[in-house]
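Tertiary structure, described
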Amino acid sequence: MRYETDVTVIGAGGAGMAAALSAHRNGADVILIEREEESGGVLNQCIHNGFGLHYYRKDLTGPEFKETLEEELATTNVKVLEGTFVLDVSKDKKITFVNSKGIHEVKTKALVMTTGARERHFNSLGIPGDRVSGIFTAGVAQKYINLQNLKPANSALIVGSGDIGLIMARRLHLEGIEVKGVVEILPYPGGLERNVQQCLRDYNIPLYLSHSVTRVEGKNRLDKVYVSQIDEAGRIVPNSERVFNVDALITSVGLIPSVKPVEFVRTGPGFITTNTNQTTADWIFAAGNCTVIFDLVDYVAREGEKAGKYAALYAKNEYVPEERITIKKGKNINIIHPSYIDPNESTKLYVRVSKVFQRAEITVEPLGIEIIEEEARPSEMIEIHIKSFKEKRIKEIEVSAHELG
Amino acid sequence: MIAVIGGGIVGGLIAREINKYIEDVYLFEAKNSIGTGITKGNSGIIHGGYDDPPGSLRAQLCYIGNQLYDEISRELSIEVRRIGSHVIALDESELAKINELEEKAAKNNVKEYRILERNDLFDMEPNLNADALMSFYCPIAGVTEPWKVAMQSVKSVELNGGKVLKNKKLVEVKRKDNKFELSFEDGSVYTADLVINAAGLYADEVARLFGDEVPAIFPVKGEYFLLGKDVKYVNSVIFPMPSELTKGCLVIPTVDGGYLAGPTAHEVKSKQDFSTTRDGLAEVKEKSLRLVPSLDFSRNVVKTFAGLRPESREKDFYIDIGKSSVIHVSGIRSPGLTAAPAIARYVVEYLIQEKLHINLEKRKDYISHVEKIPHFVDTDYGYWVRAIEQDPEAGEIVCFCNEVTKREIREAIRNGARTIDEVKFATRISFGECQGSFCVSKILKMICEETGLEPKDVLQNEKGSWIIDSEVRTI
């Protein structure tokens, strides 16, 4: 079977569903492809609330957020292919995929990549120790508990204080698994402040900042985790070792954007895009965690919506950018997204600072934008709105942060 | 009945070789799975056979083993990629050693090698250390998946009427008439006419149960990094100039497109110590970066692991008949994987037939070919589509990193895989960059569906390696 379409969207998580809807609303024929048997991505297993506060102005659980999008999709003629795996995206705009019905090809005018991210695995960290079971990424533990009703531990240590790690500390605790602490290598938590409060402090779960796992031990199943303090230069502080007797280590040590199978556009490590979500191949757009890792699904869905719109316009030859202005990371900036601006369109700039500030002033030059952020931290994404502008001489924009005395 | 003790590559291939003549072969494996000892944690290299000490049993069997891998690959449906190997000279002192390698190769009767000058070397391997001056290139060297050789061998034994029994740890041996009464830890007893001891790290201890002494075995740990497929580093196996003790720390392309860096070689106390160490991993990094400076240990690491090799003070294979008339196949250190098919023939054709004067005749009903379920993503689309028409599960990708279908996984379980690692080593699930994050929970479910096991009874590998404690709530 062969298909032709205006817009193909790969990945039906929050970004992909929003992209498919918006491409449809902008008049495109849309195919949405999902490799899992069910759409929704990680939303399916995030049964806690706190989703949708910005995007829907409602406090939803993950599954409710997904269902809201799914119900809207059901009223459209968007073709959703679940249990479908993309084998190849070719430069001549052909997408080959496989599912239980066979191997098929779509000829598309535009593509939106909304392939999300995967969790960095403990095995890749090169931490020495025994070969044991009982080491799970937070997402896997969450899936076992929330979707499969399976309890993978009796006692646990969490490594990494990203949001998923914090959420899982609470979740494990509530299901009767003894959580002996959360270990974070950096001197500040990796997740949102609200999660540190609601998931750790509220349950008296200790947070060990500037600590790192140095060794895991056990005979077949995990038994002991060795943790030491780390100094500013990243060295182990002598005599600071603690031993945790736990049968599980739950890791939340970062997310890595998934960009497969598109291999011919610029990535770093996620897709590099413009404010209109266009990658370095003009027919391929990208949004959500496959570009940079966002704090909230609300941002992800908003980006997906935008990508879907521009992909639809591109497919109809109604969006052709004239020029792109580079956005550069200046002083004290760790992450910036997007990397390029089409000045005819407005921009939502997402910024992460590279250290903790009491009071940060963030500047966007030469546009003359200055914003003040109280307690700016790398773990909290800062949004900056930039209006479209006609100043043609600007070739480069630089974003910097500095402490206000 | 002929008993083979040990279900690694060596035991598996010996059982298969005997099975060509005699149906009544039993293979006893102490662990919960086949090929999980020495067989699992090594470099996976089919060596060229040029550099083993001339006159040693290693040298005698390595080259023959290398040549036999064509047949093994065909008959057991195993991937063998003859990607070649380079031994690199990085400075003037190492240049001189290239001559020594040539002399050894001549003594070992290995002719398949070339000396490559710098330009030719860098045409083939542009990412090598820029100091590299010359290489000893051996085009017949290659890589394979050692555990697959063991797994397919035992499959061949089962196909031809032999028996493969796991969780059979030999604890006592009694002589009865001319037979051996073998008692296992689980209380079972079997009587064998002939016994072959291929117990790997434990071959010295097993020999003692028969009242025989073989050279003592010292476990030597080798630590490795596995790097992902995203970056292209090298095309062939890269060796440093070898020392007296080891072949050194290498950079090795794996069969499925990743890379291994390692191993170290340090004697350890325990035969059960498969742990990685801070010093060992640091050593691998330092040494492998000397060969390929672009190896990205900060972003490209998939996992680290350690394996044990059965070293003896003699540093050679010990393959002989003990005074008990048991055949001991011991001290199978590097190049044991390469030599294994030749060891199997040596045992059957030389030790059993010539030295023990047991006349064997080839079975007429012997089936030499063992099928494997194809890895569909590597087949052509026409074939794959027909497979999906017959079984829609052939179109459902479960492992996203290595693109393994539900059909492949189900087949592995139907072939006897009961643990996550058995499915992993049969199909390559969870070998990729996500290390099973997306698929292991689904595999666990499938094992339960197929076998009736409860989730809490599904193991990662050995006894005690549980994954699930219980249900969260009883419904």
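A quick note: this is a predicted structure, and the numbers were derived from the prediction, not measured. All residue numbers refer to position in the chain's written sequence, counted from 1. For this description, chains carry letters from A and ligands carry numbers from 1, given in the order in which they are written. Whole-chain, interface and lining totals are the exception, using all residues; otherwise, since this is a predicted model, local features are given only for residues with pLDDT of at least 70 and side-chain atom pairs are given and counted only at 80 or more. Hydrogens are left out, water is left out, and the side-chain values use all remaining heavy atoms of the structure.

**Let's talk about the domain arrangement of chain B**
Residues and elements named next belong to chain B. Considered domain by domain, chain B is made up of domain 1 (1-81 + 141-216 + 312-371), domain 2 (85-139 + 218-311) and domain 3 (376-457). An automatic or database domain assignment provides the domain bounds reported here. Taking only C-alpha atoms into account, the centre of domain 1 sits 27 Å from that of domain 2. By the convention used here, residues are in contact when the closest approach between their heavy atoms is within 4.5 Å. If you look at the interface, domain 1 gives 36 residues, while domain 2 gives 38 residues. The quantity reported as buried area is the accessible area (1.4 Å probe) lost by two parts once they are put together, taken as the sum for both. For the pair domain 1 and domain 2, the summed buried surface comes to about 3300 Å²; carbon and sulfur atoms form 57% of the total. Counting the surface domain 1 buries against domain 2, the share from its top three residues, Tyr50, Asp51 and Leu201, is 23%. A pairing counts as a salt bridge when a side-chain nitrogen of Lys or Arg comes within 4 Å of a carboxyl oxygen of Asp or Glu. Seen at the junction of domain 1 and domain 2, the total is 4 salt bridges. With its nearest N and O atoms 2.7 Å apart, the salt bridge here joins Lys271 to Glu205. Polar contact criterion, stated in full: a pair of N or O atoms within 3.5 Å, where within protein one must be able to donate a hydrogen and the other to accept it, and residues adjacent in sequence count only if both atoms are side-chain atoms. Counting across the interface, domain 1 meets domain 2 through 15 residue pairs in polar contact (both at pLDDT 80 or more).

**A word on the pairing of strand S17 (residues 259-262) of chain B**
Residue and element names in this part refer to chain B. Exposure classes here rest on a 1.4 Å probe applied to the protein chains alone. A residue is buried below 20% of its type maximum, exposed above 50%, and partly exposed in between. Counting from the N terminus, the helices are the DSSP runs of H or I reaching at least four residues and the strands are the DSSP runs of E reaching at least two. In S17, alternate side chains face the same way, and those of Tyr259 and Ala261 on one face and Leu260 and Gly262 on the other are all buried. Any two strands are treated as partners once DSSP identifies two or more bridges connecting them. Where strand S16 (residues 250-253) and S17 come together, 4 bridges link them in antiparallel fashion. Counterpart to Val251 in the pairing with S17 is Ala261. Following S16, the chain reverses through 5 residues before pairing antiparallel with S17; Gly257 in that reversal takes a positive phi of roughly 100 degrees.

**Some thoughts on the sheet that holds strand S23 (residues 340-341) of chain A**
Residue and element names in this part refer to chain A. A sheet is described by the order of its strands in space; here 5 strands give the open sequence S23-S21-S28-S25-S26, paired in mixed fashion. The sheet is open, and its two edges are formed by S23 and strand S26 (369-374), each paired on a single side. Of the pairings in the sheet, the one linking strand S25 (residues 359-365) to strand S28 (residues 396-403) comprises 6 bridges and is antiparallel in character. Considered in S28, the bridge of Val364 is made with Val399.

**Here's the deal with the domain arrangement of chain A**
A common way to report how large an interface is uses the accessible area buried once the components associate. Residues and elements named next belong to chain A. Assigned domains within chain A: domain 1 (1-119 + 254-321), domain 2 (121-253) and domain 3 (323-405). Computed over C-alpha atoms only, the centres of domain 2 and domain 3 are separated by 33 Å. Domain 2 puts 6 residues into the contact, and the matching count from domain 3 is 6 residues. Together, the buried faces of domain 2 and domain 3 total about 480 Å²; carbon and sulfur atoms form 53% of this surface.

**Regarding the packing of helix H1 (residues 9-19) of chain B against helix H5 (residues 146-159) of chain B**
Packed helix pairs are specified by the crossing angle of their axes together with the interaxial distance, meaning the distance between the axes. Residues and elements named next belong to chain B. Relative orientation of the contacting elements H1 and H5 amounts to 30 degrees, with a least axis distance of 8 Å. The pairing of H1 with H5 is recorded here as roughly parallel in orientation. Considering the relative orientation of H1 and H5, their crossing is left-handed. Between H1 and H5, the residues in contact are Ile9, Gly12, Leu13, Ala15, Arg16 and Asn19 and Pro146, Val149, Ala150, Ser153, Val154, Ser156 and Val157, respectively. Here the residues of the contact of H1 with H5 sort into 8 nonpolar, 4 polar and 1 charged. Every axis in this analysis is a line fitted to C-alpha atoms, fitted for helices over the stretch in contact. Angles between the N-to-C directions lie between 0 and 180 degrees. Roughly parallel covers angles under 35 degrees, roughly antiparallel covers those over 145, roughly perpendicular covers 65 to 115, and oblique covers all other angles. By definition, turning the near helix anticlockwise from the far helix through less than a right angle yields a left-handed crossing, and turning it clockwise yields a right-handed one. Note that Gly is not counted as nonpolar here; it falls among the polar residues with everything else outside the nonpolar set of Ala, Val, Leu, Ile, Met, Phe, Trp, Tyr, Cys and Pro and the charged set of Asp, Glu, Lys and Arg.

**Quick word on helix H3 (residues 92-107) of chain B**
Residues and elements named next belong to chain B. The terminal C-alpha atoms of H3, which comprises 16 residues, lie 24 Å apart, in line with the 22 Å expected from a rise of 1.5 Å per residue. The set of residues buried in H3 consists of Glu94, Ile98, Leu101 and Ala105. Burial along H3 is one-sided: seen end-on, the buried residues are contained in an arc of 75 degrees. Exposed residues pointing more than 90 degrees away from the buried face of H3 are listed as Glu92, Ser93, Ala106 and Lys107. Looking at the buried side of H3, the elements it contacts are strand S5 (85-89), strand S6 (114-117) and strand S7 (134-138). One or two positions beyond H3, positive phi appears at Asn109, with a value near 65 degrees. Here the expected span of a helix is defined as 1.5 Å times the quantity of residues minus one. Arc definition: directions from the helix axis to the C-beta atoms.

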